[in-house]
Amino acid sequence: MTGPVRGRTAARHWTATARWLLLVPPIAMAYAMLALGTHPTAAENPLPYITDTLTGIVLTVAGLLLWSRRPGRRTGPLLVAAGWLWYVGDAFIVAPSSTLAPYLGFALHGFYDPILALVVLSFPDDRLPGRAERWCVGALTALTVALATVRLFATPPGFGPGYAPSDPSSPLLVIDNVDTALGLNLFLRFLIGPVMFGVAALAVRRLVTLRPSARYVAAPVLAGGAAWTTFIAFGSIDGFLSYALGIPILADGDVWNSIGYATRVLGPLGILLGVSRLRDRTSSVVEIVAGPLGAPQGSDLEGALRQAFDDSSLQLAYPSATGWAGADGQPVDLDGLPPSRAATILDSGGVPSAAIIHDEVLLDDPMLVRTLTAVVRLAVDNERLQADLRTQLEEVRASRARIVEAADAERRRVERDLHDGAQQRLVALAVSLRTIRVRLGPDANPAALTELDAAAVEVKAAIDELRELAHGLDPAILREAGLGPALQSLADRSPIPVRTDLQIDGRLPARVETTAWFVSAEALANVAKHAQATTATLTARVADGWLRLSVADNGVGGADLSGSGLRGLVDRVAATDGMLTVQPAPGGGTVLAVAIPCAS
Amino acid sequence: MRTTLLLVDDHAGFRARARVMLEAEGFDVVGEAADGRSGLAMAERLHPDVALVDVQLPDISGFEVAAGLRTSDSARRIILISGRDEAEYGERAARSSADGFIAKADLSGDMVRAASG
């Protein structure tokens, strides 16, 4: 499978490269014309002559560019043909006048006009949009054929290919009368004038009414084409009227010629600019992907593509439960699109993943569509991967929260069991020992009383230890009275003095209270055990939906988050989407700070 | 005349031993209740000199029982008791309607007398 594909690709590549050889004849002709300088006006006014000579090359280059970008479409080859035809009228430079070639070239000289009219009016859709356009191009073709016929069979001496009165007449000459030949020639050119005006008017109308996305590409072509055809129209009518009636419309021939050459350059340059704008779009799409923010997603991508293609109605759609839906969630009917819109559907593993609804004109540029689909596919895949990642992160977060919740629930169960079980039994035992002590009275055996008192002390110590253990597992005060009283109780139990500044009104979500209490308990325990501090400060306040809590001490400092105890606290705080930091305190000691979102 | 005492606690074992100990120390335990509402009803009927009320009860909290007793004036002195210690409940007990707080492990006749003034 890979081999043939590679072979076809290579063949296409060589064909596309070899196609540029089509530029050789126009270049050779242009060189010959410039080098030999045989054009009668060359010496008088070289600049228009040079631009006129190069126009055929410009048309050929534009055609080849279009051909390579839109293989299989007619506009490229037509423009190349127009570029070649531009020079056939000057075939006499390279072909001997004794042959038919110069006369054939002279006859076919004007055929680039109907071709260019066809290109201008059908660009960039590659089809004539209406009856008026078809009529204009058809009429122009017919008149050009008629003109070629007259030129071929009625070329008078002095009006032939070499413009030299001494040239021999055409071997195909049928009408050998100067006035008749010139009259026919000018009359046909006169008829071409209104048709050319029509082409110019249609080009302007198309420029105004074309869809914005197509207008961006076609505007230079249409504007240049309109200017060009207007000039030809004026020239045709002027030529006829000056000959027939002796009344030239334009008195100053030099100015007219200058305008004429300028407009003749505008047409090909417009086409070249239009073709380059097609290329621009590809680069602007590539910039979307290679931009500083990477490939945008969702409505951002839609907006970027709209901008890149100057198509404000470009839309992205994604498969939905009921068919297709836009980035805004609204249903989209891909089967009910208007004729000027087209949908390009992307699939992933055979399953539709997205659809691009765009101006139909884009379909004329396969490379552009390929680039567009590649960009959207990349963005859609990126979005999907990010969504997967977000889902996984959310699952991890939820799982971590569940683990913490489960651990808290287990702590509560153990605390309750200790409180209701072993602790109650020990309390009952302590009360019994007290009863025995009372009943024995002061006169009992002193050794027995001493032993009894020692037992009572032991039981009391056991109760205290058990109570501390239970308290550490699940402080009842936290459950019953909330974080403020629980933190105050924690400060009161600390072996070192703890100053408190607590601004917590009411209750907070249970997991926030539990987390904050455990962090405070662990932090105060660390201060007592490791910090060598003489005092600590516990502050907590709720503001803007966040609980901010800190434990500061005046100890030796050096605490960091790598310790297993603090690491556990970091995990626990992270399970509530909060943050924990440990930093040196100004003037020595350590500040452990926690921020936990607590908006209900 | 012996000081009459009502014991409100949901642990039967503790109540039994506390009754024996307190009676040995000269109190007259006139009633026992296993939950807060029973304790309130019993106090209305018995009007004890002292009500020993556990903070954690199955229906309502010891703080609520203390408030009820104070409102109905059905016990002369109200003392909260708990398996937990004073650091945990002492402050809340001080702000409650009770006259004092005793950790159960420290319970004795002397403590009851001291707490009930």
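These figures come from a predicted structure and were not determined experimentally. (Residues numbered from 1 in each chain as written. Chains lettered and ligands numbered in written order. Predicted model: local features only at pLDDT ≥ 70, side-chain atom pairs only at ≥ 80, totals over all residues. Heavy atoms only, no water.)

Trainee: Any chance you could explain the overall build of chain A here in plain terms?
Mentor: Helix and strand content of chain A: 18 helices and 10 strands. Expressed as a percentage of the 600 residues in chain A, the buried residues total 44%. Pairs at least 24 residues apart make up 66% of the contacts formed inside chain A by residues separated by at least 6 positions. Surface accessibility of chain A: about 29,100 Å² in total, with carbon and sulfur atoms responsible for 62%. (Helix = DSSP H or I, 4+ residues; strand = E, 2+ residues; numbered from the N terminus. Buried < 20%, exposed > 50% of the residue type's maximum accessible area, 1.4 Å probe, protein only. Contact = heavy atoms within 4.5 Å. Areas by Shrake-Rupley, 256 points an atom, 1.4 Å probe, with all protein chains shown as cover.)

Trainee: Is there a simple way to think about the sheet that holds strand β2 (residues 28–33) of chain B in this case?
Mentor: Within a beta sheet, neighbouring strands are joined by backbone hydrogen bonds and run either parallel or antiparallel to one another. Residue and element names in this part refer to chain B. As summarised here, the arrangement of the five strands in space is β2-β1-β3-β4-β5, forming an open sheet in which the pairing is parallel. The open sheet has two free edges, formed respectively by β2 and β5 (100–103), since each of these has just one partner strand. Across this sheet, the average inter-strand angle for adjacent strands is 25 degrees, counted without regard to direction. When strand β1 (residues 4–8) meets strand β3 (residues 50–54), the two strands line up parallel, connected through four bridges. (Pairing = 2+ DSSP bridges. Axes fitted to C-alpha atoms, helices over the stretch in contact; angles between N-to-C directions.)

Trainee: Explanation requested: a nonpolar patch on the surface in the structure shown.
Mentor: Residue and element names in this part refer to chain A. Nonpolar side chains collect at one region of the surface, where F153, V174, I175 and L184 lie side by side and expose about 310 Å² of accessible area between them. The residue F153 is located in helix α7 (residues 131–153) in this model. What makes F153 partly exposed here is its relative accessible area of 32%. (Patch = residues over 30% accessible without salt bridge, like charges linked within 9 Å, V, L, I, M, F, W, Y side chains within 5 Å. Salt bridge = Lys/Arg side-chain N within 4 Å of Asp/Glu carboxyl O.)

Trainee: Quick question: what am I supposed to make of the packing of aromatic side chains here?
Mentor: Residue and element names in this part refer to chain A. All chains considered together, the criterion is met by four aromatic pairs over all chains. Ring centres 4.5 Å apart and planes at 45 degrees place the aromatic pair W86 and Y112 in the tilted group. Of this pair, W86 sits in helix α4 (residues 75–88) while Y112 sits in helix α6 (residues 112–122), placing them 26 residues apart in sequence. With respect to class, W86 is no different from Y112; both count as buried. Both rings, one in W517 and one in F518, keep their centres 5.2 Å apart while their planes meet at 90 degrees; by these two values the pair is edge-to-face. (Phe/Tyr/Trp six-rings, centres within 6.5 Å; stacked < 30°, edge-to-face > 60°.)

Trainee: It is not clear to me how the interface of chain B and chain A should be interpreted in this structure. Could you clarify?
Mentor: Often the size quoted for an interface is simply the accessible area lost on bringing the parts together. Chain B puts 25 residues into the contact, and the matching count from chain A is 28 residues. Taken together, the two surfaces of chain B and chain A that pack against each other cover about 2,300 Å², and 54% of this comes from carbon and sulfur. Together, B:R84, B:E88 and B:A105 form the three largest contributors to the area buried by chain B at its contact with chain A, with a combined 24%. At the junction of chain B and chain A, the tally comes to four salt bridges. Across the pair A:K460 and B:D106 runs a salt bridge, and its minimum N-O distance is 3.2 Å. (Buried area = accessible area lost by both parts, 1.4 Å probe.)

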